[in-house]
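Chain by chain, the residues run as shown.
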Amino acid sequence: MYIHIGEDHNIRAKDIITILDKESANQSELVEEFLNHHKEKVMNLSKNPFKSIIITFDKVYLSPIASGTLKKRSSQLNIQEF
């Protein structure tokens, strides 16, 4: 199943490692270090300040969609699979 993460981008749900909200990411030195270390893999999908960070196996996405909304979308996909 695919999840829409913003700006006409869809990613496979099983490729997602984690979804972080902007506030927790801004408060964590580890997340900031991770983003700096993987600059070449970061794809900013937001024209305005991003609301969430989606980490997959091969890319890091800065999404304009809130982490709660992305979580709801992933939960709805799980229900539809059955």
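Analysis parameters
Residues numbered from 1 in each chain as written. Predicted model: local features only at pLDDT ≥ 70, side-chain atom pairs only at ≥ 80, totals over all residues. Heavy atoms only, no water. Helix = DSSP H or I, 4+ residues; strand = E, 2+ residues; numbered from the N terminus. Rg over C-alpha atoms; globule rule 2.2 N^0.38 Å. Buried < 20%, exposed > 50% of the residue type's maximum accessible area, 1.4 Å probe, protein only. Contact = heavy atoms within 4.5 Å. Areas by Shrake-Rupley, 256 points an atom, 1.4 Å probe, with all protein chains shown as cover. pLDDT = per-residue confidence, 0-100. Salt bridge = Lys/Arg side-chain N within 4 Å of Asp/Glu carboxyl O. Phe/Tyr/Trp six-rings, centres within 6.5 Å; stacked < 30°, edge-to-face > 60°. Lys NZ or Arg CZ within 6 Å of the ring centre and 35° of its normal. Polar contact = N/O pair within 3.5 Å; in protein donor to acceptor, adjacent residues only side chain to side chain.

Draft legend 1. Seen up close, the overall build of the protein chain. Helix and strand counts for the protein chain stand at 3 helices and 6 strands. Ordered by position from N to C terminus, the α and β elements of the protein chain give β-β-β-α-α-β-β-β-α. Relative to a compact globule of 82 residues, whose C-alpha radius of gyration would be 12 Å, the protein chain shows 12 Å and is just as compact. In terms of overall dimensions, the protein chain has C-alpha extents of about 40 × 25 × 20 Å along its principal axes. In the protein chain, which comprises 82 residues, the proportion classed as buried is 29%. Once local pairs closer than 6 in sequence are excluded, the contacts in the protein chain between residues at least 24 apart make up 51%. Total accessible area on the protein chain is roughly 5700 Å²; 50% of this is exposed by carbon and sulfur atoms.

Draft legend 2. Summary view of the environment of threonine 18. Relative to the assigned elements, threonine 18 resides in strand S3 (residues 16-21). For threonine 18, a relative accessible area of 27% gives the class partly exposed. Counting along the chain gives 42 residues from threonine 18 to valine 60, while the straight-line C-alpha distance between them is 9.9 Å. Dropping the residues within four chain positions of it, threonine 18 is found in contact with Ile53, Ile54 and Ile55.

Draft legend 3. Representation of the confidence of the model for the protein chain within the structure. For the protein chain, mean pLDDT is 88; residues scoring 70 or higher make up 93% of the total. The secondary-structure element of the protein chain with the lowest mean pLDDT is helix H3 (residues 67-81), recorded at 73, while strand S6 (residues 60-63) shows the highest, at 96.

Draft legend 4. How the structure looks around the pattern of salt bridges. The final tally for this structure, using the stated rule, is 2 salt bridges. The partner of glutamate 7 in a salt bridge is lysine 47, and the shortest N-O contact between them spans 3.8 Å. Taken together, the positions of glutamate 7 in the loop between strand S1 (2-6) and strand S2 (9-12) and lysine 47 in the loop between strand S4 (42-44) and strand S5 (52-56) put the pair 40 residues apart, joining distant regions of the chain. With a relative accessible area of 39%, glutamate 7 lands in the partly exposed category. Between arginine 12 and aspartate 15 there is a salt bridge, with its nearest N and O atoms 3.2 Å apart.

Draft legend 5. Quick look at the packing of aromatic side chains. For the coordinates displayed, the defined rule picks out 0 aromatic pairs. The residue whose ring lies beneath lysine 22 is phenylalanine 50, and the NZ or CZ to ring-centre distance is 5.3 Å.

Draft legend 6. The arrangement of the side chain of threonine 56 in detail. Locating threonine 56 in the fold gives a position in strand S5. Among the residues examined, threonine 56 registers a relative accessible area of 6% and is labelled buried. Separated by 3.2 Å, the side chains of threonine 56 and aspartate 58 make a polar contact. Within the structure, the side chain of threonine 56 is placed 2.9 Å from the backbone oxygen of lysine 59, a separation counted as a polar contact.

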